[in-house]
Amino acid sequence: MPEPVMFQEDMIRSIEDMIRSIYDRQCIIDIVTRYATSLDRRQWEDLADCFTDEVSLYLVSTGEWTTFTRQDIIAYASKTFSNYDATQHISANHQVTISGDEAVCISTLNATHYCADDPDGSTQQQFGYYRYELIRNPDWKIVRMRQELGWEQGNQNIFDRAHHSVSISSVS
């Protein structure tokens, strides 16, 4: 009779591990989705909650990695996104890999930037992938993020003006 008890304990641990894995995966997807929707809805406190205290971002606008504090990210985002009438960032098709307290999430990138009265066209769009690196301590947070552009279309001036009007050094 002792063998079935061991089997049950192993099975319970296995089920608990599977549940934990599903839970972690959903928490990670929630964080990267919250990042996108917080930008679009200008919910800066929710956006801040997505990041560790210090985070490295690969900025498409500069083509370089930049390390920000959480407060600097919010200052940069709020100043930059005030230049748009609206935006929509879609993060989909999440591929999550978890290793202990670290994870990588790859998702599709579909970002639309809108300025109603621009004479050269009201939208600029970017397509490609997001690559998020996250850590758990105790909740999952983004520690490093990169946009990998596949292509862009529309009025590039909309994006360039919005992002070049805010100096990275001015938010520190």
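Values in this document were obtained by computation on a predicted structure and should not be read as measured data.

**Q** I would appreciate a short explanation of the overall build of the protein chain in the present structure.
**A** Scanning the protein chain for helices and strands turns up four helices and six strands. Order of helices (α) and strands (β) in the protein chain, N terminus to C terminus: α-α-β-β-α-β-β-β-β-α. A compact globule built from 172 residues would reach a C-alpha radius of gyration of about 16 Å, whereas the protein chain, at 20 Å, exceeds it by more than 25%. Buried positions account for 38% of the 172 residues belonging to the protein chain. Surface summary for the protein chain: the accessible area is close to 9800 Å², and the carbon and sulfur share equals 50%. Treating the 14 positive side-chain charges of the protein chain as one cloud and the 26 negative ones as another, the clouds have centres 1 Å apart.

**Q** Can you walk me through the nonpolar core in this structure?
**A** Nonpolar side chains tend to gather and get buried jointly when the protein is soluble and globular. Judged by nonpolar contacts, the single largest core of 36 residues is most densely connected at Y35, F51, L57, Y132, L134 and I142. For this core, the secondary-structure elements that each account for two or more residues are α1 (2–41), α2 (44–48), β1 (51–59), α3 (70–81), β4 (102–114), β5 (123–136), β6 (140–154) and α4 (156–164). In terms of residues, this core owes the most to one element, α1, which gives six residues. Here Y35 is in contact with L47, C50, F51, Y130, Y132, I142 and M145, once residues within four sequence places are set aside.

**Q** When you look at the pairing of β1 in this model, what are you seeing that I'm missing?
**A** Taken residue by residue, a regular strand's side chains alternate between the two faces of the sheet. Extensive coverage of β1 is indicated by the burial of seven of its nine residues. As defined by bridge partners, β1 adjoins β6 across four bridges and the pair is classed as parallel. Within the sheet, the bridge partner assigned to F51 lies in β6 and is I142. Here β1 runs beside strand β2 (residues 64–69); their pairing, made up of six bridges, is antiparallel. Looking at the pairing, S56 lines up with T67 of β2. Connecting β1 to the antiparallel partner β2 that follows it, the hairpin turn spans four residues, and G63 within it adopts a positive phi of roughly 70°.

**Q** Help me out: how do you make sense of the packing of aromatic side chains in this one?
**A** Ring pairs (aromatic) are described by centroid distance and by the angle formed between their planes. All chains considered together, the criterion is met by eight aromatic pairs. Ring geometry for Y35 versus Y130: centroids 6.2 Å apart, planes at 85°, classification edge-to-face. Of this pair, Y35 sits in helix α1 while Y130 sits in strand β5, and the two are 95 residues apart along the sequence. Seen from their ring centres, F68 and Y76 are 5.8 Å apart, and the 40° between their planes marks the pair as tilted. Like F68, the residue Y76 is buried in the burial classification. Ring pairs connect the aromatic residues Y35, F51, Y130 and Y132, which therefore count as one cluster. Stacked on the ring of W65, the Lys or Arg R144 has its end atom at 3.7 Å from the ring centre. The ring of Y58 has R146 lying over it, and the distance from NZ or CZ to the ring centre is 3.9 Å.

What counts, and where the lines are drawn
- Along each chain, residues carry numbers from 1 onward, in the same order as the chain's sequence is written.
- At least 70 in pLDDT is required for a residue's local features to be given in this predicted model, at least 80 for side-chain atom pairs to be given and counted, and no such filter applies to totals for whole chains, interfaces and linings, which use all residues.
- To obtain the side-chain values, all non-hydrogen atoms of the structure were used and water was disregarded.
- Per the convention used, a helix needs a DSSP run of H or I reaching at least four residues, while a strand needs a run of E reaching at least two, with both numbered from the N terminus.
- The globule rule used for comparison is 2.2 Å times the number of residues to the exponent 0.38, while the radius of gyration itself is calculated over C-alpha atoms.
- The rule is simple: take the accessible area with a 1.4 Å probe, protein chains only, and divide by the maximum for that residue type; under 20% is buried, over 50% is exposed, in between is partly exposed.
- Residue-level accessible areas treat just the shown protein chains as cover; the underlying method is Shrake-Rupley with a 1.4 Å probe.
- For the purpose of counting charges, residues Lys and Arg are taken to be positive, whereas Asp and Glu are taken to be negative. His and the chain ends are not included.
- Lys charges are placed at NZ, Arg charges at CZ, Asp charges at CG and Glu charges at CD.
- Nonpolar core, defined: a set of buried Ala, Val, Leu, Ile, Met, Phe, Trp, Tyr and Cys residues in which side-chain atoms within 4.5 Å join the residues together.
- Contacts between residues were defined by any pair of non-hydrogen atoms, one from each residue, lying within 4.5 Å.
- When DSSP locates at least two bridges between a pair of strands, those strands are taken to pair.
- A pair of aromatic rings is counted whenever rings of Phe, Tyr or Trp (Trp by its six-membered ring) have centres within 6.5 Å, and the orientation is called stacked for planes under 30 degrees apart, edge-to-face for over 60 and tilted otherwise.
- Ring-over charges, as used throughout, are those where CZ of Arg or NZ of Lys falls within 6 Å of the ring centre and within 35 degrees of the ring normal.

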